[in-house]
Each structure stands twice: as structure tokens, then as C-alpha cells.
2 protein chains.
Amino acid sequence: MPVRIPRTSLSTQAAAVLRSEIAQGAWGDHLPGERLLATRLGVSRPTLRAALETLEAEGWLERRQGLPTRVLEGGRRQSERNCTVRMLTPVPLRDMPPLTVCWMDELRERLAAAGHPLELVVSPATFTTRGERTLQRLERSHPGGVWILHLAPESLQRAFAARDLPALVAGSAAPGVPLPSVDLDYRAICRHAAGLVRARGRRRPVLLLPDTAAPGDAESAEGFLEGCPGARVLRHDGTPSGLCRQVRTVCKGREGADAVVVGRSVHALTVLTCLLGDGLRVPEDVAVISRDGDAFLGHAVPALTRYASDPRRWAALLAREALRLCEGVRTGARHRLMPDFVAGGTL
Amino acid sequence: MPVRIPRTSLSTQAAAVLRSEIAQGAWGDHLPGERLLATRLGVSRPTLRAALETLEAEGWLERRQGLPTRVLEGGRRQSERNCTVRMLTPVPLRDMPPLTVCWMDELRERLAAAGHPLELVVSPATFTTRGERTLQRLERSHPGGVWILHLAPESLQRAFAARDLPALVAGSAAPGVPLPSVDLDYRAICRHAAGLVRARGRRRPVLLLPDTAAPGDAESAEGFLEGCPGARVLRHDGTPSGLCRQVRTVCKGREGADAVVVGRSVHALTVLTCLLGDGLRVPEDVAVISRDGDAFLGHAVPALTRYASDPRRWAALLAREALRLCEGVRTGARHRLMPDFVAGGTL
DNA sequence: TTTGCTGGTCAGTTGACTTGACCAGTGAGA
DNA sequence: TCTCACTGGTCAAGTCAACTGACCAGCAAA
């Protein structure tokens, strides 16, 4: 009857888990970085390091500063494909636009209902380095599973396609990449916006976009020019001050812009407040339209005219395609959603 | 490959051991004394007592001071495995403030890691009907499980407490309700804001709150008056037009308010754009401080001065309390978080 | 009534674990 | 060649579960 409760320290448990996984060959010939490994185990780095030290002493690993930890002489059996779904994104959740968080949550729910967990992999390197490199690292640290690429540059999308990895693109799908994708129809949105602006008698419309290389932004520019040939498309650096500078230059004087279409909802907010602060009247002097539609835009005064998409439709499509990939079905379906136009007071 | 290391507290492990032993009838009809039992399990008495408390709550035991603890005939089978967590909220996800969506997502992730799915139950009736009625419907439609009450009015909170249902309050916990709760320390925030405003030489500060009956708003008003006795606290109807009307009345003329502290981040946005649109200078003529801190506020020009809380801490606390409830532990812990002050350009 | 058990409660301390930071070595790409 | 983003190596401050040791009140047999 006297059953003593075993006290195993966290690092001992971690060592046990890692030992069995290494034995199964789940990690290939190199372990992922300590920081990543620690968060995956749900354990702090010092704790993980204690576990790694015991494994090193047992002869499972070789560690050297500056190099990834090497797995020694393991019976490296192929691990079974465990179909977890991973969302690859360069931005942490709390810096995403609210609408994005919203569909991501919805997606998580739908996938969970189908028995597939959704894991968020935040990798800022996604944007900066070449696709090949990023992918190599990812394959090492997260073997197997289905990938959802969010805000991934074209190079990375192509790298996934080239290796025939199960992946789908959420937003900003580069043209010609043979991966299934779900995206807003930015070309149609911006063409519509440009037409609308012209119909209201605005003669000098401008499209403002961040200077990142998202394919959706390129589409936006094309659509805008289709709807209003000869209009201007300007890039900014994404900071409030940089955007303000751009706005002030563009809207100055009699020949300044009389309508601004803005990509990204937070930037639309920056533009609106900047204009109001400078004493310009919206929409009398300058009209503002937000290409993207977060809920908070409706609380500005005047409410921003915008294009609002339904996160549930978005998530439903993503979930369907992701589940197909889990089942091994490869399609190249390109879904283009057209959001609803929400008339505000800024046009 | 979700290889998370499970964190089971010592008392949970002890409870599990005892539960199985009781079920096997290993102890007869009375347990040995706590001191003896504790040393047998290799555990301290407080830890053992925590385990006994959960077993008592589950109906396995009957404890009375002075008497040995009695083992009840076939403690009722607790469907412990089936412990889904449900978030009850009056607002659908896409209408929530971004920060809320953010912590909700984080919470979902943490609970999923512990093997508990999170289900969102959207019930607008939560706000309109009496607590008793709402609860009856909920018990019928979603039997069992742990509840997280979000934006629930006091009547509903009390109804849950009265029926002794496993529930915890996320935000706006009514005082005196014996449920565990996690909330921002609105009193401290508003006291701080009031003091800050006074220190900057503002003489006529105003606190603007929606006219809903959220307990957090009442706390805010109290804190604000503590920090600046004699200041004004005004209510508005939550619509942009209604809020604007209020703002224009309050800030008009020489004797108008020279500083506005605003509850709810979207309302802070409304106030800022309304003031700027009316040609007032921020902060020269009127300072604006947002009590709540969503990320988009930083993209206004000037950036809003605000109090930003970390959604991860928030979610961590909620997850911990929810998991405790899943294990049958009832606490009345009231967690009050103090967010960080973010200096913007509106003060 | 006394004594010795039972459970009920608490303040103070310990120590494992977390957090966030900084450092130095390595190697791919500009 | 230099830069920069990774790697592992180190550390100090803070958090929190658990332990320790104590005292209290209820109960029942001596």
C-alpha cells in the first residue's frame, strides 16, 4: 500500500523523452537549436541544457559551441509521418492584424475538430534569407507534417514546391507556383477601389503600399492601374513616421493627391490620423480607402471605407485544403476571395 | 511532433494515486491520518491535503475535523477525461478587440497542449437575459466541462457560483463572487493615469466609459477618482456618433476637458480621430490616454499613450486556473494584472 | 477532566524552474 | 574581406510549488 510518489526532476524527464526520440531517429543527424527544442518540450533552456548534458555524458550527442548539436551513431529509423499542420509565419501572433489572428483561431478550431493540431512556427528569417536555406533549417527542426505558408516570399514558396513538400499558401500566393493557395483577390479589390475613386470625381488617386515583397502587393498595384491607368503607386517603409512623411509629400498643395488607397489596415489608420492631424479634411480634401478590413477601422471618425473579408470563409477554405494535404491529396487549387465593400465616411 | 513534457503538480499525482487505491478498496472505509499518509506517499502534509480536497470535491471522501476521513461508497464516477473547456462570451470572435483574440488563441494553444480542447460558446443572450435563465439553457445544451466566463454580467457569475459549477471569470470579475478570476487591475491603471495627467499639469481630466455594466468599468471609475479627486467620469453609448457627441460637449470651450482617459481601445481611437477632425491639437489642446492597449493604437499619429498588457501572461494564468478546475481543484484566486505603461505622443 | 488522536490553518524558507539578457564561436552570403 | 544571423555557453533576478514546523479546534477514550 505505501506507494511513494516518484520525484523526477524536469530535466530528467526531458532527457528521457529526448533519449527515446533520438533512438527512434526522429531528429535525423542534428538536433534543432536549444531555444527551439526548449519551447517544444515546454521547458526552459537551462533545464533543457541539463538534459542535454546528461545525454552527452551518455554518449548520445556531441556538442560544440557555434555548431548544431550532432547526434552520434543512432539507429536512425524513419519516423512515421505524423500529420500535424504547421503555420509558418514571419510575425508573432501579437503583431498580426486582428483579422489574421481571427482566421487563424478559426482555422485552429477547424483543424482540431478533425484531429489535427495546428502549430505556429514563427520564423522572421522567412523574409530575409533565401528560400533554400530557410527550408533546410525547417526540415531539420520540424520533420514531417503539412505546412501552411503565411506571408512567405516567392523564393520560399518555390522551394517548397520544388521539393514537393505538402504545403499550401495562405495569402500572397506568388503567380505560377504550383501550390494550392487561398488569398484575397487583391487585383479585383484595388481595381474596384480605383474605379470607385474615379467615379466620385477624384482625379489624382494614389496607392500606398509597404516596401516588402509580398506578391499580394504586386497584384494590388496591377489592379489599381487597371482601374485607373496612370495613377501613382508609392511604397513606404512601414513605420508611422516614414508613412507620414510619404503622405505629407504626396498630399501637399493643389496638385497633391485627392484620394489615397492604403494597403494594410494599421497603415490606413496611420494615414487617416496623419491627414486629420495636419488639418486636412477627410473626405473633402482627401479620400481614404483601406484595402484591408479590420474591425477597428469602423471606430475611426469618420469610419474608414474599406474592404472586409469574412475570416470564417477564409479559414474554411484553408482548413479544407490543409486536410486534403494531410490525406495525401495534392491539388493546385487557387482560391481567390472577394471581400465585401464597406462604405464608411472617408470617401 | 508534440513532445511536450506534461507538468503534473505533486498534489495531482498524489490525488491520482489515492483515487486508484480507493477504487481498489485498498484502504477500507477510513483513510489513515494525514500525517501518516503524507509520509507514506513521500509528500508533505499541505500537498497531501490539496490532493484530498480534490478527492473530496469528486465525492470519494468525507472529511470532518476531529474524525478520521471516511471513504464513501463508490465515489461518483467523475468523467475526468471528458473535461472540455468552454469559453462563454456574448461577442463573436471577429468583433473582439485584437488583444482579446490574441490571448484567446494563446489560451487555446496552452489548453490543447494539456489535452483539453477549447470550445467557444457565443451567446449574446448572456448580456440580455437573467443569469438563471441563461444558465439553465447552457446546462442543457452543454452538459459537463469547465466554463470560462468572458464579459459575463454579475448575475450570471453569481448563478454559476451558486450552482457550484466549475467556472472561472476572464476579465471584469464582479467583487464578492467566489469564483477564480483573472483580470486587469483597472483601479490601479486608472489611478496611475489620473496621477500622471495631474503631474503633467492637466487640470480638467475626464474618464470616458461605455454605459454597460462591466464591473471593470466601475473599478476604473473608483481608481480614477482616487488618483484625481473631483474629476469627472462620463458614460457613453458605445457608438462612434454617440461617443463623438459626448467628446464634443466635454472638450468644448475654455473650460472644457484638457485630458481624456478612455476605456476600450476602439473607443480611444474614436476619441482621437474625433478630436483631430474637429481641429483640436493632441496633446497640446487635449491629452488622450487609452486604458486598454491594442497594438493598432501604436499606428495612430501621434501614437496613443496607453496601458498594454501581455496576452501571454493573461493566457498563462487563465490556462492554469482552467486546468485546476479540470482536476477538480476549487480556488477563489483573484489574479489582478498590472499592464505596462506605453508612452505615446498623446500626452 | 485529561490526554492523544483527528483535521484545519498559517508564516517562513527552500530550491527547482523560468525569464531575459549577454557573450563567443561558426559559416553562409554580400 | 566583412557582416550578420545563427549556434552553444553563461549568468542573475524573479517566480512559485512544495516543505517545514508550528499552533489551533474538534472528538473520543482513559
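Residues numbered from 1 in each chain as written. Chains lettered and ligands numbered in written order. Predicted model: local features only at pLDDT ≥ 70, side-chain atom pairs only at ≥ 80, totals over all residues. Heavy atoms only, no water.

Taken together, the neighbourhood of DNA strand D is formed by 28 residues, with Arg7(A), Arg45(A), Leu10(B), Ser44(B) and Thr47(B) sitting nearest. For DNA strand D, the backbone portion of the atoms within 4 Å of the protein, that is sugar and phosphate, comes to 60%. Note that a phosphate oxygen of DNA strand D is positioned 3.4 Å from one of the side-chain N or O atoms of Arg320(B). Looking at the surface near DNA strand D, the elements with two or more residues in it are α2 (34-41) and α3 (45-57) of chain A together with α3 (45-57) and α12 (311-326) of chain B. Examining the composition of the surface near DNA strand D, we find that three residues originate from one element, α3(B), more than from any other. When its residues are assigned to classes, the surface near DNA strand D shows seven nonpolar, nine polar and 12 charged. (Near = heavy atom within 4 Å. Polar contact = N/O pair within 3.5 Å; in protein donor to acceptor, adjacent residues only side chain to side chain. Helix = DSSP H or I, 4+ residues; strand = E, 2+ residues; numbered from the N terminus. Nonpolar A, V, L, I, M, F, W, Y, C, P; charged D, E, K, R; others polar.)

In this complex, chain B contributes 48 residues to the contact, which on the side of chain A involves 50 residues. Where chain B abuts chain A, roughly 4,500 Å² becomes buried across the two surfaces, and 64% of that area is made up of carbon and sulfur atoms. The interface formed by chain B and chain A includes four salt bridges. Across the salt bridge formed by Arg108(B) and Glu109(A), the nearest N and O atoms sit 3.1 Å from each other. (Contact = heavy atoms within 4.5 Å. Buried area = accessible area lost by both parts, 1.4 Å probe. Salt bridge = Lys/Arg side-chain N within 4 Å of Asp/Glu carboxyl O.)

This paragraph deals with the packing of helix α10 (residues 240-251) of chain A against helix α11 (residues 265-277) of chain A. Residue and element names in this part refer to chain A. At their nearest, the axes of α10 and α11 sit 10 Å apart, and the two run at 55° to each other. Our classification of the angle between α10 and α11 gives oblique. Like other packed secondary-structure pairs, α10 and α11 cross with a definite hand, here right-handed. Residues Pro-240, Leu-243, Cys-244, Val-247, Arg-248 and Cys-251 of α10 form the contact with α11, whose participating residues are His-267, Thr-270, Val-271, Cys-274 and Leu-275. (Axes fitted to C-alpha atoms, helices over the stretch in contact; angles between N-to-C directions. Parallel < 35°, antiparallel > 145°, perpendicular 65-115°, else oblique. Left-handed = near helix turned anticlockwise from the far one by under 90°.)

One key point about sheets: their strands pair by backbone hydrogen bonds, in either a parallel or an antiparallel sense. Residues and elements named next belong to chain B. Read from one edge of the open sheet, six strands run β4-β3-β5-β6-β7-β13, paired in parallel fashion. Both edges of this open sheet fall to β4 (118-122) and β13 (334-337), since each of them pairs with a single strand only. Across the sheet, the axes of successive neighbouring strands diverge by a mean angle of 20°, strand direction being ignored. Looking at chain direction, strand β6 (residues 167-170) and strand β7 (residues 181-184) are connected through two bridges and run parallel. Directly across from Ala-170, in β7, lies its bridge partner Val-182. Across the face of the sheet, helix α7 (residues 154-162) comes into contact with β3 (85-89), β5 (146-150) and β6 while running at roughly 165° to β5. In this fold α12 packs onto β3, β5, β6, β7 and β13, with an angle of close to 170° to the strand it touches most, β6. (Pairing = 2+ DSSP bridges.)

Right, let's get into the protein's contact with DNA strand C. Of all residues adjacent to DNA strand C, which total 27 residues, the nearest are Leu10(A), Ser44(A), Thr47(A), Arg7(B) and Arg45(B). A share of 61% is what sugar and phosphate atoms reach among the atoms of DNA strand C within 4 Å of the protein. One of the side-chain nitrogen or oxygen atoms of Arg63(B) is found 3.3 Å away from a phosphate oxygen of DNA strand C. Here a base nitrogen of DNA strand C sits 2.9 Å away from a polar atom, N or O, in the side chain of Gln65(B). Counting residues per element, the ones that place at least two in the surface near DNA strand C are α3 of chain A together with α2 (34-41) and α3 of chain B. A breakdown of the residues in the surface near DNA strand C according to their chemical character gives seven nonpolar, nine polar and 11 charged.

When its domains are assigned, chain A resolves into domain 1 (7-80), domain 2 (85-184 + 311-338) and domain 3 (186-308). Each of domain 1 of chain A and domain 3 of chain A has a C-alpha centre, and the two are 50 Å apart. (Domains from an automatic or database assignment.)

Residue and element names in this part refer to chain B. α3 packs onto α2 with a crossing angle of 100° between their chain directions and a minimal axis gap of 9 Å. Compared by their axis directions, α2 and α3 come out roughly perpendicular. For the pair formed by α2 and α3, the contact residues are Glu-34, Arg-35, Leu-37, Ala-38 and Leu-41 on the first element and Arg-45, Leu-48, Arg-49 and Leu-52 on the second.

Right, let's get into the confidence of the model for chain A. Scored by pLDDT, chain A has a mean of 85; 94% of the residues are at 70 or more. This stretch, residues 75-81 of chain A, has a pLDDT under 50; its non-local contacts, to residues over four places away or in other chains, come to 12 contacts. (pLDDT = per-residue confidence, 0-100.)

On to the sheet that holds strand β10 (residues 259-262) of chain A. Residues and elements named next belong to chain A. On the basis of which strands lie adjacent, the open sheet formed by six strands has the order β9-β8-β10-β11-β12-β14 and mixed pairing. The open sheet is flanked by β9 (232-236) and β14 (340-342), the only strands paired with a single partner. Averaged over all pairs of adjacent strands, the angle between their axes in this sheet comes to 20°, without regard to strand direction. One ladder, built from three bridges, connects strand β12 (residues 305-308) with β14; its direction is antiparallel. Its bridge partner being in β14, Tyr-307 is matched across the sheet by Phe-341. Along the sheet, helix α8 (residues 186-199) contacts β8 (205-210), β10, β11 (287-290), β12 and β14; its crossing angle with β12, the most-contacted strand, is approximately 155°. Along the sheet face, α10 touches β8, β9 and β10 and points at about 155° away from the line of β9.

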